[in-house]
Amino acid sequence: MRALVISGGGSKGSFAGGVAQYLMEREKRKYDMFLGTSTGSLLVPHLAANDIPKLYDIFTNVQQKDIFSISPFVQRKKGDREFVSIDFVNSLWQFIKMKRTFGESKALKRNIRKNFTFEEYQKIKATKHDVVVTVSNLSMNRVEYKSINDCSYEEFCNWIWISCNYIPFMSLAKVDGYEYADGGLGCVIPIREAILRGATEVDAIVLEAENMGKQRVLGKNPFSLMMNLFGHLLDQVERNDIVIGKLAAKNNNVKLNLYYTPVSLTENSLIFSKRLMEKWWKQGYDYAEEKHSL
């Protein structure tokens, strides 16, 4: 049984889309299971439904307003460089309202339901073994994996949204008395979970370079420095997930194929730029093609 696993990584998900497109269209890979965390959870239902043109259109056209109902960031452009700075007004307003996060991501929740239809949900359940998204149960301090087979359409859309909620910048969700957030806070890439669920071959797309190529520039204020800190912690979680995944693959005689980004794509994966995401999608496709031509 073959599984496709995609890590978290915000806008870098477009790179994973390019890799997946190559594997599915050129290598003719047929996947039984799809597992994702955060941005990976947005990708896997559409890949399971085998609608790559629709996925490309969604990912390369997403903007801040499609993610945030209240954004803690302001996106700016300086020459050819695009970056985000802090929206202190929105952040201050959240404090005044005694909210626990700097922003809200209700717009993303609406977009998921708009782009992932009930018909696609039914098609996946009828044709695929499983589609799984990763969430962090903060109340119980544990990682949970939500299968499409155990959820109604409404529930599964909600879990996809929760898997993407990168707190404290996005919404904190409550389900059955428990508070949940981004799956990447506990498991950035669920390779081991794919193996536990019966995968005998795993293609895992890691939205980070295998080796850090340059020194990271740290933020100039506490808010942006906090983003750097979160990024550092998630990088460590990701590395541990890969080590654990490799051990699980070796112990269970599972073939594991890892696809990293060839370089560090961005220091802020919450920048959603059509130009960059189209470029990263092509880079992902070309990278996979080059990897398989060796």
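Describing the side chain of S14
Position of S14 relative to the elements: it lies in helix α1 (residues 13-26). We classify S14 as buried; its relative accessible area is 0%.

Topic: a nonpolar patch on the surface
Together, L92, W93, F95 and I96 make up a nonpolar patch on the protein surface, roughly 470 Å² of accessible area in all. With relative accessibility at 47%, the residue W93 sits in the partly exposed group.

Here we look at the nonpolar core
Within soluble globular proteins, side chains that are nonpolar generally end up buried alongside one another. By size, the foremost hydrophobic cluster in this structure holds 84 residues, and its most contacted members are L47, V202 and I205. Residues contacting V202, with those up to four places away along its chain left out, are A3, V5, I191, A194, I195, V254, K255, L256 and N257.

Describing the pattern of salt bridges
For the structure shown, the criterion picks out 15 salt bridges. Residue R2 pairs with E201 through a salt bridge whose shortest N-O separation is 3.1 Å. Highlighted residues: R2 in strand β1 (residues 2-6) and E201 in strand β9 (residues 201-209), separated in sequence by 199 residues. For E201, a relative accessible area of 15% corresponds to the buried category. Taken together, the shared-partner salt bridges in this structure form one network comprising D130, E193 and R197.

A few points about the packing of aromatic side chains
Taken as a whole and assessed by the stated rule, the structure comprises 12 aromatic pairs. A ring pair is formed by Y56 and W281, whose centres lie 5.0 Å apart and whose planes are at 90°; its orientation type is edge-to-face. One end of the pair, Y56, is in helix α3 (residues 52-61); the other, W281, is in helix α11 (residues 274-293), with 225 residues separating them in the sequence. By relative accessible area, which is 32% here, Y56 ends up partly exposed. Accessibility expressed as a relative area gives 4% for W281, which makes it buried. One aromatic cluster in this structure is built from F116, F118, Y121, Y153 and F156.

Describing unusual backbone geometry
In this chain, I167 is followed by P168 through a cis amide linkage whose omega measures 10°. Tracing the backbone through its elements, the reader meets P168 in the loop between α8 (153-163) and β7 (173-175). Within the chain, M98 stands out as a residue other than glycine whose phi angle is a positive 60°. Its place among the elements puts M98 in the loop between α5 (88-96) and α6 (106-115).

A few points about the pairing of strand β2 (residues 33-37)
Taking burial as the measure, the 5 residues of β2 include 5 buried ones, the bulk of the element. The alternating pattern of β2 places M33, L35 and T37 and F34 and G36 on opposite faces, both of which are buried. Note: β1 against β2, 4 bridges, orientation parallel. The residue of β2 that forms the bridge with A3 is M33. Remark: the β1/α1/β2 crossover connection has right-handed handedness. Bridge analysis of β2 against strand β5 (residues 130-137) gives 5 bridges, and the strand direction is parallel.

Some thoughts on the side chain of E144
Within the secondary structure, E144 sits in strand β6 (residues 142-147). By relative accessible area, E144 is classed as buried at 10%. A polar atom in the side chain of E144 sits 2.8 Å from the side chain of N137. Looking at E144, its side chain comes within polar contact range of the side chain of R142, at 2.7 Å. Ignoring any residue separated from it by four or fewer positions in sequence, one finds E144 in contact with V133, T134, V135, N137 and Y180.

Some remarks on the environment of Q21
Along the chain, the position of Q21 falls in helix α1. A residue is classified by how much of its surface remains accessible, and Q21, at 19% relative accessible area, is buried. When the C-alpha atoms of Q21 and N50 are compared, they prove to be 9.6 Å apart, with 29 residues separating the residues in sequence. Residues within four places of Q21 in sequence aside, it is in contact with R26, I52, W281 and Y285.

How each quantity is defined
- Residues numbered from 1 in each chain as written.
- Predicted model: local features only at pLDDT ≥ 70, side-chain atom pairs only at ≥ 80, totals over all residues.
- Heavy atoms only, no water.
- Helix = DSSP H or I, 4+ residues; strand = E, 2+ residues; numbered from the N terminus.
- Buried < 20%, exposed > 50% of the residue type's maximum accessible area, 1.4 Å probe, protein only.
- Patch = residues over 30% accessible without salt bridge, like charges linked within 9 Å, V, L, I, M, F, W, Y side chains within 5 Å.
- Areas by Shrake-Rupley, 256 points an atom, 1.4 Å probe, with all protein chains shown as cover.
- Salt bridge = Lys/Arg side-chain N within 4 Å of Asp/Glu carboxyl O.
- Core = buried A, V, L, I, M, F, W, Y, C linked by side-chain atoms within 4.5 Å.
- Contact = heavy atoms within 4.5 Å.
- Phe/Tyr/Trp six-rings, centres within 6.5 Å; stacked < 30°, edge-to-face > 60°.
- Pairing = 2+ DSSP bridges.
- Right-handed = clockwise from strand over helix to strand, strands pointing away.
- Polar contact = N/O pair within 3.5 Å; in protein donor to acceptor, adjacent residues only side chain to side chain.

These values are about where atoms sit, not about what they do.
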